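Observations on the model geometry
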Amino acid sequence: MPKTKTPKTAARVYRAASYARLSVDDESYGTSGSVLNQHAIIRDFADANGGLSIVAEYSDDGFSGSTFENRPGWGSLLADVETGKVDCIVVKDLSRLGRNYLDVSRYLDQVFPALGVRVVAITDGYDSAAEKTPADALMLPVKNLFNDMYWRRFPPSAAAASSLAPSPPTATPRGRAPTAAGL
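Residues numbered from 1 in each chain as written. Predicted model: local features only at pLDDT ≥ 70, side-chain atom pairs only at ≥ 80, totals over all residues. Heavy atoms only, no water.

**Observations regarding the layout of surface pockets**
- Volume-wise, the second largest pocket comes out at about 160 Å³.
- Lining the second largest pocket we find 14 residues, and of these Leu108, Pro113, Val117, Tyr126 and Ser128 sit closest to its centre.
- When contributions to the lining of the second largest pocket are tallied by element, the ones reaching two or more residues are helix H4 (101-115) and strand S4 (118-121). (1 Å grid on protein atoms, 1.4 Å probe; cavity = no way out; pocket = protein on both sides within 12 Å on 5 of 7 lines; lining within 4 Å. Points joined across faces, edges and corners; volume = space filled by probe spheres on them. Helix = DSSP H or I, 4+ residues; strand = E, 2+ residues; numbered from the N terminus.)

Next up, the structure:
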């Protein structure tokens, strides 16, 4: 007697949003190279892994990750999540989502699960739809804490100012001009 095959159910395909952010405008004309690169990484990931259909790309070029307020791309993304256009958010890494530990944790632990939204952070290896191990449960808050600490240690305004500030003079012994050997 032939065995009956159980029909395979189609794998779910998420309506995914590609979200990219860069804190400091790189002063290029149009969209920065970093934001374009982030979207390319996300598209490549979606193509290689299946189950994700990128339905829209959102960007906040020149916006700090320290807050979610006043980020136009983020606002548009949330509006599309609320209407059901998007049910998955893909970012290059968690720091592109945001750097404020409390805000990022609130979205990942409360807001998005309540809305049924999957979140994927490619280089961090995070996927909210994946089964979690105890190590995963520990690593997510640690990564977010490091992202928060980085923002507090190197705020975008300080990074921009330091790149524009002149270098401090080099100290030389007894006021002599520096030589090629001393540089």
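Structure shown, so let's carry the discussion forward.
**Quick word on the environment of Glu57**
- Mapped onto the elements of the fold, Glu57 is located in strand S2 (residues 52-61).
- Glu57 sits in the partly exposed class, given a relative accessible area of 39%.
- For Glu57 and Ala16, which are 41 residues apart along the polypeptide, the C-alpha to C-alpha distance reads 8.8 Å.
- Excluding residues within four positions of it along the chain, Glu57 makes contact with Ser18, His39 and Arg43.
- In this structure the side chain of Glu57 is engaged in a polar contact, spanning 2.4 Å, whose partner is the side chain of Arg43. (Buried < 20%, exposed > 50% of the residue type's maximum accessible area, 1.4 Å probe, protein only. Contact = heavy atoms within 4.5 Å. Polar contact = N/O pair within 3.5 Å; in protein donor to acceptor, adjacent residues only side chain to side chain.)

**A few points about the pattern of salt bridges**
- The full count for this structure, using the stated rule, is 8 salt bridges.
- The partner of Arg71 in a salt bridge is Asp60, and the shortest N-O contact between them spans 3.8 Å. One end of the pair, Arg71, is in the loop between S2 and helix H2 (72-83); the other, Asp60, is in strand S2, and 11 residues separate them in sequence.
- Arg96 serves as the salt-bridge partner of Asp93, at 3.9 Å between the closest nitrogen and oxygen.
- Three or more residues joined by partner-sharing salt bridges are found here, namely Arg12, Arg15 and Asp87. (Salt bridge = Lys/Arg side-chain N within 4 Å of Asp/Glu carboxyl O.)

**A short note on the side chain of His39**
- Along the chain, the position of His39 falls in helix H1 (residues 33-49).
- What makes His39 buried here is its relative accessible area of 4%.
- Non-local contacts of His39, meaning those with residues more than four positions away in its chain, are made with Ser18, Tyr19, Ala20, Glu57, Tyr58 and Ser59.

**A closer look at H2**
- With 12 residues, H2 should reach 16 Å at 1.5 Å per residue; the first-to-last C-alpha distance of 17 Å fits that figure.
- Among all positions of H2, only Gly73, Trp74, Leu77, Leu78, Asp80 and Val81 are buried. Buried residues in H2, looked at end-on, bunch into an arc of 160°, giving them a common side. Among the exposed residues of H2, those oriented more than 90 degrees off its buried face are Glu82 and Thr83.
- Count one or two residues on from H2 and you reach Gly84, which has phi positive near 90°. (Expected span 1.5 Å × (residues − 1). Arc of directions from axis to C-beta.)

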